[in-house]
Amino acid sequence: MSEEAVQLTRKDLTSDQEVRWCPGCGDYAILKGVQNALAGLGIPREQMVVVSGIGCAARFPYYMETYGFHSIHGRSPAVATGVKMANPDLHVWLVGGDGDMMSIGGNHLIHILRRNLDVTILLFNNRIYGLTKGQFSPTSGLGVLTKSSPMGSIDPAFDPIGLALGAGGTFVARTVDLWGKHLEATVAAAHAHKGTALIEILQNCIIFNDGTFDPAVGKKARDENSIELVHGEPLVFGTDRNKGIRLNGTRLEVVELGDGVSEDDLMRHDAHDDSAIVPHLMATMQYPDFPVPTGIFRQVDRPTYEQSMEEQVHMAQLRSEGKKPDLGALFNQGDTWVVS
Amino acid sequence: MSTEPPSPTSAPIEQVSSVVIRFAGDSGDGVQLTGNQFTKTSALVGNDISTLPDFPAEIRAPAGTLFGVSGFQLQFGATEIRTPGDTPDVLVAFNPAALKVNIDRLRKGGLVIVNTAAFSTRNLQKAGYESNPLEDDTLSAWQLVKVDITKMTREALKDAPIKTKDKDRAKNLFALGMVYFLYDRPLDHTVNWLEGKFSKKPDIAAANVKALKTGYYYAETAEVFRSTYSVPEAPIKAGTYRNVTGNLATAMGLVAAAQVADINLFLGSYPITPASDLLHALANMRAHGVRTLQAEDEIAAVCSAIGASYAGNLGVCSTSGPGLALKGEAMGLALMVELPMVVVDVQRGGPSTGLPTKTEQSDLLIALYGRNGESPLPVIAARSPADCFDAAYEAVRITIKYRTPVLLLTDGYLANGSEPWRIPDPASLPGIDPNFLTEPEGFQPYARDPETLARPWVKPGTPHMEHRVGGLEKDDLTGNVSYDPVNHHKMCGLRRDKVLRIQNDMPPLEVVGEQSGDLLLIGWGGTHGAITTAVESARAAGKSVSSVHLRHLHPLHPDLGDLIRRFDKVLVPELNFGQLLKVLRAEYLVDAHGLHKMAGQPFTVTELEQAIEATLYGEA
């Protein structure tokens, strides 16, 4: 492609549709951040396609002045796979919630990650079913009281990051709905990655699960209870940057810096290692025993699915000068005979 | 025939117009290969042919068992051949189980060729024979030809530098050689094929060729058969032919249509019997721009096809009954977003897992109605293996022209069966224009073509035409989400009417026989050959019987109602409990009768002839 870099503004990416999320929903902040990030990518908006499934988050495409497809529950990875394979030049984002992506669409999620299609997945995790009005989700966890778990949920939670890493995800990151700059930077980094990028966005549902992430990533708690993963850097956190994560045997532990413990004793993040062991270890950190890790857990290069497919088509067309052979050649393969 | 060269045998040569042969044995006996070789050779000598492979669901069922018997039946002849035949004239049974399973179908007086080496006590027990049927009067109604094929094949290959196991595997070619002699067929096609297939293993090729020739010469010199037969060339329309299975013809029809439309074909598919060969065939057509996704499940397969169509490809998915059930919601999405997509359902015995390797026509109602909401979509059906090409082409033409998903029904009988296909001139194929909209001026995503009611197809990547589609109800014209009650009623009507517009786009109904009379048979799908053969035989006997075979199951042909009213009685034969029958009774208030068969097997011509008699003169 010989396109010139296009400079868009957030307004260019705002459709004429009225946004219908509940007032105060975390989705508003995500929409704003994604629009800002996409406007800065230098690509024309007609090459942007946003695909979603079903759920509150899945209304996202209607609010984007791009091409958009609001498909059916759980299936956005499959729809997006068809879009990207049909036209690898398109830039494709998937938007879905924890129910859409991890429950009904869990199978498609792991397989798009395994194939490494060059798309970005924005997984809005609010740990609840919002659109169906308040049932527990696959990320809610044990004991959660909801309309469908009046005595407490007996369903253990999925961890989206661990699941994505387990499925072979080549770019796996976490950000937070209200962390504007962080969210924009993460979305931009995901787009720059060639392959499937999954971003878990911790998102507040103001109606059915208000404040679920506040103790870890809320305005007051963020510095103390979350930790930003930076490739090659030691794992330091805390308002006073006085705490860190150390590997003890096969387990992580929180340590105070000083008193004989220096940054050299801390674990260093390695997002680029061929093995996903370090990212997996990071993903095991859960609040309140650990700070919540944010940023990029893993980023490695692998061939993308659609490019591998294009190479096969290219190879198959070598004998026909890169074009489709005449249909007569197809029809006349094998044994033929003439009746006169 | 005076032009025939004199045969070296002293056995008399009889000329016959058509013959049915059934090869049967264990899955590992090479039965399908033997049948295919006989088919191709017979096609090359100018006969018309129809075949039916009949294999067990198990890949390699335990040897010698009844449920492990694999069969291949073909009919070839000097006249137009439309079915693989009701009753074989010849049965080649490689073991007792194959004999037991198939002997009752053999025409009384027909020829049964057995490999005596396989009739061991153990194999007889496995087949449930208490005594050896070759040595008592079990087979007295047939001409029994006992040959120790295993021993003679080993003897012929005793000096061949290959393993005994490989020598024994050549026994099917010995048997094929015998049958080639019986029907006066040349060996060269199979010899060439073997030499090509085993070009890197010349010893194996040579051994197989030797087994083939030894079988031929053995039959000749030992005068195994009381007489031999010649089957003259059939009067076939001039042209270049090849043998195709229904699945291969479907694949070529889809690719041809996409290439004529100048768009790429995308197939999303999850392997399922008996549709998998479609995936295999299309995966092998990358040069023609075909991208295939072996999806993680049936739902992903259809959704990826929808995504591909959205992005400007021809999205296709191939499946069978259980998979179609899983695709229902997504097919509703495709008709809501009004994009092209072809869903091929290669029907098999149901319900549930049912009879995966057997044929049935029991998916018609799920095809017509198996989605939530008012969700009409065009349903078309192929009638023979070669016709799958035309049906697939028509499916693509309609899906692109009307921007609606189309369901193409074939079945296991068509998919695996084969017949000669007259290869079309690519330049003669009807034009298909995807007519992508690229003009932003006045663009409305749900504005409609006044003739077809199709909405515009706009590829992502087209500047200044960004828009959103989805499964929520659309506002007329703008395509915005709409919950308006008046709009919903209107949009449901538009989607219905758009599909009905296809009635304006159909060739005239083809009626076999008169346009009025005592009895009209109405069929669809793979029953065409048997119905037509039975109707022609009834007509030859002076009966006032006609038939019509439906390409379009929805919408129905606009002239069908008038045609039905010109007959006293209507009979609808189907391999189900009366699915088209229900539709016709509802649509035309006609007191039609059904003929139902749920056996995993096609109708025989005899069954249809009897049903015609019963409907004309019986209780009906």
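No experiment lies behind these values; they were computed from the predicted model shown. (Residues numbered from 1 in each chain as written. Chains lettered and ligands numbered in written order. Predicted model: local features only at pLDDT ≥ 70, side-chain atom pairs only at ≥ 80, totals over all residues. Heavy atoms only, no water.)

Enquirer: Can you lay out the overall build of chain B for me, pointing to particular residues and giving the numbers?
Expert: The secondary structure content of chain B amounts to 20 helices and 23 strands. A compact globule built from 620 residues would reach a C-alpha radius of gyration of about 25 Å, and chain B, at 27 Å, matches this within 12%. Overall size of chain B, expressed as C-alpha extent along the three principal axes, is 85 × 60 × 50 Å. Split into buried and exposed, the 620 residues of chain B put 63% on the buried side. Considering only contacts in chain B between residues 6 or more positions apart, those separated by 24 or more positions represent 76%. Carbon together with sulfur atoms contributes 50% to the accessible area of chain B, which is approximately 23,200 Å² in total. Of the side-chain charges in chain B, 58 are positive and 70 negative, and the distance between the mean point of each set is 5 Å. (Helix = DSSP H or I, 4+ residues; strand = E, 2+ residues; numbered from the N terminus. Rg over C-alpha atoms; globule rule 2.2 N^0.38 Å. Buried < 20%, exposed > 50% of the residue type's maximum accessible area, 1.4 Å probe, protein only. Contact = heavy atoms within 4.5 Å. Areas by Shrake-Rupley, 256 points an atom, 1.4 Å probe, with all protein chains shown as cover. Lys, Arg positive; Asp, Glu negative; His and termini not counted. Charge placed at Lys NZ, Arg CZ, Asp CG, Glu CD.)

Enquirer: Tell me about the packing of aromatic side chains, and please be specific about residues and values.
Expert: Residue and element names in this part refer to chain A. Going through the model one piece at a time under the given rule, you end up with 20 aromatic pairs over all chains. For the ring pair Trp 21 and Tyr 28, a centre distance of 5.8 Å and an interplane angle of 85° mean the geometry is edge-to-face. According to the relative accessible area criterion, Trp 21 is buried, its value standing at 6%. Look at Tyr 28 and you get partly exposed, because its relative accessible area is 31%. Residues Phe 60 and Phe 124 carry aromatic rings whose centres are separated by 5.7 Å and whose planes lie at 85° to one another, so their mutual orientation is edge-to-face. With Phe 60 in the loop between β1 (48–52) and β2 (67–70) and Phe 124 in strand β4 (residues 120–125), this residue pair connects regions lying 64 residues apart in the sequence. Here Phe 60 and Phe 124 have matching classes, each one buried. (Phe/Tyr/Trp six-rings, centres within 6.5 Å; stacked < 30°, edge-to-face > 60°.)

Enquirer: With reference to specific residues and values, describe a nonpolar patch on the surface.
Expert: Residues and elements named next belong to chain A. A cluster of nonpolar side chains, Ile 206, Ile 207 and Phe 208, forms an exposed patch at the surface whose accessible area comes to about 240 Å². Structurally, the position occupied by Ile 207 is in the loop between β6 (197–202) and α7 (214–217). Classification of Ile 207 by relative accessible area gives exposed; the value is 52%. (Patch = residues over 30% accessible without salt bridge, like charges linked within 9 Å, V, L, I, M, F, W, Y side chains within 5 Å. Salt bridge = Lys/Arg side-chain N within 4 Å of Asp/Glu carboxyl O.)

Enquirer: I'd like a rundown of unusual backbone geometry, residues and numbers included.
Expert: The omega angle of the peptide bond from Tyr287(A) to Pro288(A) is 10°, so this bond is cis rather than trans. Backbone torsion omega between His554(B) and Pro555(B) reads -10°, so that peptide bond is classified as cis. Mapped onto the elements of the fold, Pro555(B) is located in the loop between β21 (552–554) and α18 (560–565). With a phi angle near 50°, Arg241(A) is a residue other than glycine that sits in the positive phi range. The residue Arg241(A) is located in the loop between β8 (236–237) and β9 (243–248) in this model.

Enquirer: Lay out the nonpolar core with the relevant residues and their values.
Expert: Counting residues in hydrophobic clusters, the biggest one holds 163 residues, and the most contacted among them are Ile522(B) and Leu560(B). The residues touching Ile522(B), leaving out its near neighbours within four places in the chain, are Val548(B), Leu550(B), Leu560(B), Ile564(B), Val570(B), Leu571(B), Val572(B), Pro573(B), Leu580(B) and Leu584(B). Val339(A), Val31(B), Val90(B) and Val209(B) belong to the second-largest nonpolar core, a separate cluster that totals 52 residues. (Core = buried A, V, L, I, M, F, W, Y, C linked by side-chain atoms within 4.5 Å.)

Enquirer: Hey, could you go over the domain arrangement of chain B for me, with residue numbers and the actual values?
Expert: Residues and elements named next belong to chain B. Parsing chain B into structural domains produces domain 1 (13–230), domain 2 (242–428) and domain 3 (511–617). When each unit is reduced to the centre of its C-alpha atoms, the spacing between domain 2 and domain 3 is 26 Å. Summing both sides of the interface, domain 2 and domain 3 together bury roughly 2,200 Å²; the carbon and sulfur share of this comes to 59%. In terms of surface lost to domain 3, no three residues of domain 2 exceed Gln 361, Leu 364 and Arg 383, which account for 33% of the buried area on that side. If you look at where domain 2 meets domain 3, you find 1 salt bridge. Close ionic contact of Asp 387 with Arg 551 constitutes a salt bridge, the shortest N to O distance being 2.7 Å. (Domains from an automatic or database assignment. Buried area = accessible area lost by both parts, 1.4 Å probe.)

Enquirer: Help me get a handle on the state of the cysteines, residues and values and all.
Expert: Working definition: the covalent bond between the sulfur atoms of two cysteines is a disulfide. Summed over all chains, the structure comprises 0 disulfides over all chains. Not engaged in a disulfide, the cysteine Cys303(B) finds its nearest cysteine sulfur in Cys317(B); these two sulfurs lie 9.1 Å apart. (Disulfide = S-S within 2.5 Å.)

Enquirer: Which residues make up the sheet that holds β8(A), and what are the values?
Expert: Residue and element names in this part refer to chain A. Here we have 3 strands laid out as an open sheet, ordered β8-β9-β10, and antiparallel in their pairing. The open sheet has two edge strands with one neighbour each: β8 and β10 (251–256). One ladder, built from 6 bridges, connects β9 with β10; its direction is antiparallel. Considered in β10, the bridge of Lys 243 is made with Glu 256. (Pairing = 2+ DSSP bridges.)

Enquirer: Which residues make up the interface of chain B and chain A, and what values go with them?
Expert: Each partner contributes to the interface: chain B provides 73 residues, whereas chain A provides 56 residues. For the pair chain B and chain A, the two sides together bury roughly 5,400 Å², of which 62% comes from carbon and sulfur. The interface formed by chain B and chain A includes 4 salt bridges. The shortest N-O distance in the salt bridge between Glu466(B) and Arg45(A) comes to 3.7 Å. For the pair chain B and chain A, the interface holds 30 residue pairs in polar contact (both at pLDDT 80 or more). Mapped by element, the contributors of at least two residues to the side of chain B that touches chain A are α1 (31–44), β9 (239–245), α9 (246–260), β11 (291–294), α11 (298–310), α12 (321–337), β16 (418–422) and β17 (468–470) of chain B. It is α11(B) that contributes the most residues to the side of chain B that touches chain A, 8 residues altogether. Pairing geometry for strand β12 (residues 336–339) of chain A and β9(B), over 4 bridges, is antiparallel. Within the sheet, the bridge partner assigned to Val339(A) lies in β9(B) and is Gly239(B). (Polar contact = N/O pair within 3.5 Å; in protein donor to acceptor, adjacent residues only side chain to side chain.)

Enquirer: Before we move on, can you summarise the domain arrangement of chain A with the specific residues and values?
Expert: Residue and element names in this part refer to chain A. What the domain assignment reports for chain A is domain 1 (1–212 + 303–340) and domain 2 (225–290). Between domain 1 and domain 2, the C-alpha centre-to-centre distance is 29 Å. If you look at the interface, domain 1 gives 7 residues, while domain 2 gives 6 residues. Carbon and sulfur atoms supply 57% of the area that domain 1 and domain 2 bury against each other, a total of about 500 Å² over both sides. If you sort the residues of domain 1 by the area they bury against domain 2, Asp 159, Leu 165 and His 182 come out on top, with a joint share of 64%. Between domain 1 and domain 2 we count 0 salt bridges in total. Between domain 1 and domain 2 we count 1 residue pair in polar contact (both at pLDDT 80 or more) in total. Looking at which element gives the most residues to the side of domain 1 that touches domain 2, the answer is helix α5 (residues 160–166), with 4 residues. Residue composition of the side of domain 1 that touches domain 2, grouped by class: 3 nonpolar, 3 polar and 1 charged. (Nonpolar A, V, L, I, M, F, W, Y, C, P; charged D, E, K, R; others polar.)

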